[in-house]
Amino acid sequence: MSEILVLVEHADGDVKKVTLELLTLARSLGTPAAVWAGPGYSEAVKARLAEYGAEKIYVAAADEIGDYVVAPKAEVLAQLVAERSPAAVFVAATGEGKEIAGRLAVKTDSGVISDAVGVGEGFVAEQSIFGGGVNVHSRVTRGTPIITVRPNSTTPVAAAAAGAEEKVEVALSDAARAARIVERVVQEKGARPELTEAAIVVSGGRGVGSGENFSIIEKLADALGAAVGASRAATDAGWYPHQFQVGQTGKTVSPQLYIAAGISGAIQHRAGMQTSKTIVVINKDAEAPLFEIADFGVVGDLFQVVPQLTEEIDKR
Ligand code: FAD
């Protein structure tokens, strides 16, 4: 079966869950080959990638790759595309991933499909658009299909493979050195999972009423081991940091469970969460548009419903 390159997303030497999802997806369509670019590669990384089906692991571990913003990773992939002629390249649809995919498409004169929620036979990618109202199926017809896939679109399933390592030496171009990373500011991580990677997200909107009241949302999130999200109304009001905004101009999430409390369901909010597997809406207005895409809805005051829910979950 033909090789599918999967760019590994990693932080602090850890492989992110989305990479395991992409390896699982690639396995259904060909032979997954993981591509590690940057410092921090270890035996633990190798074991993790092999556990999820990487037959091969291309390792471009030069420190320099981590010193510059995204461009070196695109060069590593471009070199592998030229040398290996893979059937496709899968990259996570994260901010960094999408930029790498775009650069790779230009370098390899290939088509790119962004934000896929699935990929089928013949590398036909599925995208969900217009607030989830339309599903588009499309295929790259030029060069190597480059597809960015949204986190949480596939359930990662382990299936051991060889994980045969191959070193990749890359001579970075001057262009790849155009933007150097001068400082990394580690944001307070806390105990909660990363928003775009979380299996469960609990979001609050204008209905939450204040920054202090967001503790209600956080308590439910912590009871469920979930990430916290917010609507733009809540982040614009300064009640919750912008980095947690879900929607068109925020993060796109696709968790197993999305709980929205005090969020009306504007199209721009839906754009960031409509592909969630199960959607629970808590709103005191029975006519709130988000109920249209809810799997379960509670018409009620979030200040009563959310603490009760948290209490029940805490009991278990
Ligand atoms: P509202 O629409 O005001 O809804 C509040 C809801 O809370 C209401 O339904 C109300 O019934 C309910 N409520 C009130 N009190 C309670 C209570 N006690 N218990 C239960 N329910 C209660 N929005 C985003 O979210 N993300 C984006 O990325 C985004 N990008 C945008 C980009 C552009 C270009 C534009 C123009 C807009 C964007 N917006 C975005 C804004 C979007 O249009 C909405 O204004 C926003 O999503 C509304 O947030 P909300 O649902 O929290 O507030």
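Residues numbered from 1 in each chain as written. Predicted model: local features only at pLDDT ≥ 70, side-chain atom pairs only at ≥ 80, totals over all residues. Heavy atoms only, no water.

- The name given to the protein chain in an unreviewed UniProt entry is Electron transfer flavoprotein subunit alpha, with Microbispora bryophytorum as the source organism.
- The Sequence similarities (unreviewed entry) field of the UniProt record for the protein chain holds the comment "Belongs to the ETF alpha-subunit/FixB family."
- What UniProt states about the protein chain under its Function (unreviewed entry) heading is, verbatim, "The electron transfer flavoprotein serves as a specific electron acceptor for other dehydrogenases. It transfers the electrons to the main respiratory chain via ETF-ubiquinone oxidoreductase (ETF dehydrogenase)." (UniProt positions renumbered as here; feature names shortened; annotations may be inferred.)

### Considering the overall build of the protein chain
Logical step 1: What the protein chain contains, in helices and strands, is 8 helices and 16 strands.
Logical step 2: Scaling as 2.2 N^0.38, a compact globule of 316 residues should have a C-alpha radius of gyration of about 20 Å, and the protein chain matches this with 20 Å.
Logical step 3: Among the 316 residues that make up the protein chain, the fraction classed as buried is 49%.
Logical step 4: Residue pairs in contact within the protein chain that sit at least 24 positions apart in sequence constitute 65% of those at least 6 positions apart.
Logical step 5: Accessible surface computed for the protein chain: about 14600 Å², of which carbon and sulfur atoms make up 50%. (Helix = DSSP H or I, 4+ residues; strand = E, 2+ residues; numbered from the N terminus. Rg over C-alpha atoms; globule rule 2.2 N^0.38 Å. Buried < 20%, exposed > 50% of the residue type's maximum accessible area, 1.4 Å probe, protein only. Contact = heavy atoms within 4.5 Å. Areas by Shrake-Rupley, 256 points an atom, 1.4 Å probe, with all protein chains shown as cover.)

### Quick look at helix α5 (residues 214-224)
Structurally, the α-helix is built with 3.6 residues per turn, so residues lying three or four positions apart point the same way.
Logical step 1: Among the residues of α5, those classed as buried are Phe 214, Ile 216, Ile 217, Leu 220 and Ala 221. Burial along α5 is one-sided: seen end-on, the buried residues are contained in an arc of 155°.
Logical step 2: Lining the buried residues of α5 we find β12 (200-204), β13 (227-230), α6 (232-236), β14 (257-261) and α8 (302-315). (Arc of directions from axis to C-beta.)

### So, the sheet that holds β13
Logical step 1: With respect to topology, 5 strands assemble into an open sheet ordered β13-β12-β14-β15-β16, the strand pairing being parallel. The sheet terminates laterally at β13 and β16 (296-299), the two strands that pair on one side only. Shown here is a sheet whose adjacent strand axes are inclined to one another by a mean of 15°, direction ignored.
Logical step 2: Sheet topology note: the β12/β13 ladder contains 4 bridges and is parallel. The residue bridging Gly 204 from the neighbouring strand is Ala 230, located in β13.
Logical step 3: Of the strands in this sheet, β12, β13 and β14 are in contact with α5, which crosses β12 at around 170°. (Pairing = 2+ DSSP bridges. Axes fitted to C-alpha atoms, helices over the stretch in contact; angles between N-to-C directions.)

### As for the pattern of salt bridges
Logical step 1: Considering all chains together, one arrives at 18 salt bridges under this definition.
Logical step 2: The shortest N-O distance in the salt bridge between Asp 236 and Arg 232 comes to 3.2 Å. Of this pair, Asp 236 and Arg 232 both sit in helix α6, 4 residues apart, which is roughly one turn of the helix.
Logical step 3: On the basis of relative accessibility, which here comes to 48%, the residue Asp 236 falls in the partly exposed class.
Logical step 4: The exposure class of Arg 232 is partly exposed, given its relative accessible area of 45%.
Logical step 5: Across the salt bridge formed by Arg 270 and Glu 292, the nearest N and O atoms sit 2.9 Å from each other. You can see Arg 270 sitting in helix α7 (residues 267-270) and its partner Glu 292 sitting in the loop between β15 (278-283) and β16, a full 22 residues away along the chain.
Logical step 6: The class for Arg 270 is buried, based on a relative accessible area of 11%.
Logical step 7: Classification of Glu 292 as exposed rests on a relative accessible area of 62%. (Salt bridge = Lys/Arg side-chain N within 4 Å of Asp/Glu carboxyl O.)

### A short note on the nonpolar core
Logical step 1: Grouped together as the largest cluster of nonpolar side chains are 31 residues, with contacts concentrated most on Leu 49, Phe 90, Val 119, Phe 123 and Ile 147.
Logical step 2: Among the elements of the structure, β1 (3-7), α1 (17-27), β4 (31-37), α2 (43-51), β5 (56-60), β6 (88-92), β7 (112-120) and β10 (146-149) are those that each provide at least two residues to this core.
Logical step 3: In terms of residues, this core owes the most to one element, α1, which gives 6 residues.
Logical step 4: Among residues more than four places away in sequence, those in contact with Val 119 are Leu 25, Leu 29, Phe 90, Val 124, Ala 125, Ile 147 and Val 149.
Logical step 5: Residues Leu 7, Val 76, Leu 77 and Ala 105 belong to the second largest nonpolar core, which totals 23 residues. (Core = buried A, V, L, I, M, F, W, Y, C linked by side-chain atoms within 4.5 Å.)

### Some words on the site of the ligand
Logical step 1: Every one of the 25 residues lining the ligand counts as a neighbour, but Arg 206, Ser 231, Thr 249, Ser 264 and Asn 283 are closest to it.
Logical step 2: Take Ser 231: an N or O atom from its side chain is 2.6 Å from an oxygen atom of the ligand.
Logical step 3: In this structure, an oxygen atom belonging to the ligand sits 3.0 Å away from a main-chain N or O atom of Gln 248.
Logical step 4: Protein contacts shield 75% of the accessible area of the ligand, which totals 980 Å² for the unbound molecule.
Logical step 5: Mapped by element, the contributors of at least two residues to the shell around the ligand are α6, α7 and α8.
Logical step 6: Partitioned by chemical class, the residues of the shell around the ligand number 6 nonpolar, 14 polar and 5 charged. (Near = heavy atom within 4 Å. Polar contact = N/O pair within 3.5 Å; in protein donor to acceptor, adjacent residues only side chain to side chain. Nonpolar A, V, L, I, M, F, W, Y, C, P; charged D, E, K, R; others polar.)

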